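# Structural characterization, general
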Amino acid sequence: MDGKIIVIVAPSGTGKTTLIAKLKKEFPQIIESTSYTTRAMRAGEKHGENYFYISKPEFLKMRDENEFLEWAEVHTN
């Protein structure tokens, strides 16, 4: 598959989700990746849609097996 990678990065609460939704509406060929997190699911979020919500031991196992391109600890998660 040929294409371009676009990375949207900004602090929490700055509108990344809103921006991505508008971009996907305008350009339906955009495919969004789904990240993994150990934080608790927030109201309205769905596993596998917003994030893959997993336990810290599961995350550390995946990290140790090099299953992530990158990872970071943010707010103890």
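Just above sits the structure.
For clarity, every value in this text was computed on a predicted model and none was experimentally measured.

Time to look at the overall build of the protein. Helix and strand content of the protein: two helices and two strands. Secondary structure elements in the protein, listed N-terminal to C-terminal, are α-β-β-α. In terms of principal-axis extent, the alpha carbons of the protein reach across some 40 × 35 × 20 Å. In the protein, which comprises 77 residues, the share counted as buried stands at 12%.

Before going further, it helps to examine unusual backbone geometry. Phi is positive for His 75, close to 55°, though the residue is something other than glycine. Within the secondary structure, His 75 is located in the segment after helix H2 (56-64). Residue His 75 is classed as exposed on the basis of its relative accessible area of 70%. Non-glycine residue Thr 76 carries a positive phi angle of around 70°. With respect to the helices and strands, Thr 76 occurs in the segment after H2.

The next subject is the pattern of salt bridges. Tallied over the full model, the rule gives four salt bridges. Put simply, Glu 45 and Arg 39 hold a salt bridge, and the shortest N to O gap is 2.8 Å. Take Glu 45: its relative accessible area is 17%, and that puts it in the buried class. Of the charged contacts in the structure, one is a salt bridge between Arg 63 and Asp 64, with a shortest N-O distance of 2.9 Å. Looking at Asp 64, the relative accessible area reads 52%, which means it is exposed.

On to the packing of aromatic side chains, then. Taken as a whole, this structure holds four aromatic pairs when the rule is applied. Here Tyr 51 and Tyr 53 contribute two aromatic rings whose centre-to-centre distance is 5.9 Å and whose plane-to-plane angle is 65°, an arrangement assigned as edge-to-face. For Tyr 51, a relative accessible area of 29% puts it in the partly exposed group. According to the relative accessible area criterion, Tyr 53 is buried, its value standing at 13%. Here the aromatic residues Tyr 36, Phe 52, Phe 59 and Phe 68 are joined through ring pairs into a cluster of three or more.

Criteria and thresholds
Residues numbered from 1 in each chain as written. Predicted model: local features only at pLDDT ≥ 70, side-chain atom pairs only at ≥ 80, totals over all residues. Heavy atoms only, no water. Helix = DSSP H or I, 4+ residues; strand = E, 2+ residues; numbered from the N terminus. Buried < 20%, exposed > 50% of the residue type's maximum accessible area, 1.4 Å probe, protein only. Salt bridge = Lys/Arg side-chain N within 4 Å of Asp/Glu carboxyl O. Phe/Tyr/Trp six-rings, centres within 6.5 Å; stacked < 30°, edge-to-face > 60°.

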